[in-house]
Amino acid sequence: MKASGFTATIKIRGINPFILVSARRASAIKPGWRKPLPVLVRINGKPADAWRINMMPVGDGSFYLYLHGDLRKASGAAVGDRVRLEIGFDATYRNGPQHAMPTWFKQALSGNPQAKKNWMALIPSRKKEMLRYFSRLNSPVARARNLARALHVLSGEAGRFMAREWRNGS
């Protein structure tokens, strides 16, 4: 990974820990990029295998680098900490979901036409995020609880799921 290194303080936006990557630094990673930017990240030299994240554009050339809990845990970093970052463009990134749709979710969608319609209308990054989240659920209780929440919001009902407000199925 050809990385751009710098130090920054982890801040929080709503409930999401992040680091703001300036337009100048983002341009050093991938010049002229204006959409979500796939990168490989290490904080304080960890984890050993760089973590895959998409930096999200702010609109002025800078990007938000949202920091997943597992990445913060691996590096021992918390909100307010000043950390050393290594960020490099992820040239191996491939668009679309990386996790297969769990059978239990597929079956539930097939039994709920409105939820299935709204699932099909979701943007690819939201589908990818949900499938990644589902892939990490280990217990049947967690699966059932999260399936109920997912079907509730995908059916068009207002509610919170995966740390965001949902309305009209998205």
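Residues numbered from 1 in each chain as written. Predicted model: local features only at pLDDT ≥ 70, side-chain atom pairs only at ≥ 80, totals over all residues. Heavy atoms only, no water.

1. So, the packing of aromatic side chains
Line of reasoning, step 1. If you walk through the whole model with that rule in mind, you get 12 aromatic pairs.
Line of reasoning, step 2. Centre to centre, the rings of Phe161 and Trp166 are 6.2 Å apart; their planes meet at 50°, and the pair counts as tilted.
Line of reasoning, step 3. Using a relative accessible area of 2% as the deciding quantity, one classes Phe161 as buried.
Line of reasoning, step 4. The ring of Phe89 carries the charged tip of Lys30 above its face, separated from the ring centre by 4.6 Å.
Line of reasoning, step 5. One residue, Arg126, lies across the ring of Trp166, its end atom 5.6 Å from the ring centre. (Phe/Tyr/Trp six-rings, centres within 6.5 Å; stacked < 30°, edge-to-face > 60°. Buried < 20%, exposed > 50% of the residue type's maximum accessible area, 1.4 Å probe, protein only. Lys NZ or Arg CZ within 6 Å of the ring centre and 35° of its normal.)

2. Description of the nonpolar core
Line of reasoning, step 1. Among the nonpolar cores identified, the biggest contains 21 residues, and Val39, Val41, Met55, Leu65, Leu85 and Ile87 are the most heavily contacted of them.
Line of reasoning, step 2. If you list the elements that add at least two residues to this core, you get strand S1 (4-9), strand S3 (16-21), helix H1 (23-29), strand S4 (37-43), strand S5 (46-57), strand S6 (63-66) and strand S7 (82-89).
Line of reasoning, step 3. Sort the elements by how many residues they give to this core and S4 lands first, with four residues.
Line of reasoning, step 4. The contacts of Met55, once residues within four sequence positions are left out, are Val21, Ile29, Lys35, Pro36, Leu37, Val39, Phe63, Tyr64, Leu65 and Ile87.
Line of reasoning, step 5. Ranked by size, the runner-up nonpolar core spans 19 residues in total, among them Phe105, Ala115, Trp119 and Leu122. (Core = buried A, V, L, I, M, F, W, Y, C linked by side-chain atoms within 4.5 Å. Helix = DSSP H or I, 4+ residues; strand = E, 2+ residues; numbered from the N terminus. Contact = heavy atoms within 4.5 Å.)

3. Focus on the environment of Leu137
Line of reasoning, step 1. Inspection of the secondary structure assignment puts Leu137 in the loop between helix H5 (124-135) and helix H6 (140-154).
Line of reasoning, step 2. When its relative accessible area of 11% is taken as the criterion, Leu137 is described as buried.
Line of reasoning, step 3. As a C-alpha pair, Leu137 and Gly111 span 26 residues in sequence and 21 Å in three-dimensional space.
Line of reasoning, step 4. Setting aside anything within four residues of it in sequence, one finds Leu137 in contact with Trp104, Ala142, Arg143 and Asn146.

4. Let's talk about the sheet that holds S6
Line of reasoning, step 1. Pairing within the open sheet is antiparallel, and its seven strands lie in the order S1-S7-S4-S5-S6-S3-S2. In this open sheet, the two strands that pair with only one neighbour each are S1 and strand S2 (11-13). In this sheet, adjacent strand axes meet at a mean angle of 45° when their direction is disregarded.
Line of reasoning, step 2. Judged from the four bridges that link them, S3 and S6 form a sheet pairing that is antiparallel. (Pairing = 2+ DSSP bridges. Axes fitted to C-alpha atoms, helices over the stretch in contact; angles between N-to-C directions.)

5. Things to note about the side chain of Ser75
Line of reasoning, step 1. Locating Ser75 in the fold gives a position in helix H2 (residues 69-75).
Line of reasoning, step 2. Engagement of the side chain of Ser75 in a polar contact is seen with the backbone oxygen of Arg72, the distance being 3.2 Å.
Line of reasoning, step 3. Look past the residues within four positions of Ser75 in its chain and what remains in contact with it is Ile43, Asn44 and Lys46. (Polar contact = N/O pair within 3.5 Å; in protein donor to acceptor, adjacent residues only side chain to side chain.)

6. Description of helix H4 (residues 113-121)
Line of reasoning, step 1. Considered for burial, the residues of H4 that qualify are Ala115, Asn118 and Trp119. The arc that holds every buried residue of H4, seen down its axis, measures 105°, which confines them to one face. Projecting away from the buried face of H4 at angles above 90 degrees are the exposed residues Pro113, Lys117, Met120 and Ala121.
Line of reasoning, step 2. Looking at the buried positions of H4, the neighbouring elements they touch are helix H3 (103-110), H5 and H6. (Arc of directions from axis to C-beta.)

7. A look at unusual backbone geometry
Line of reasoning, step 1. Along the chain, Lys46 connects to Pro47 via a cis peptide bond; the corresponding omega equals -5°.
Line of reasoning, step 2. Structurally, Pro47 is set in strand S5.
Line of reasoning, step 3. A positive phi is found at Asn168, a non-glycine position, where the angle reads about 55°.
Line of reasoning, step 4. Looking at the element boundaries, Asn168 is found in the segment after strand S9 (164-166).

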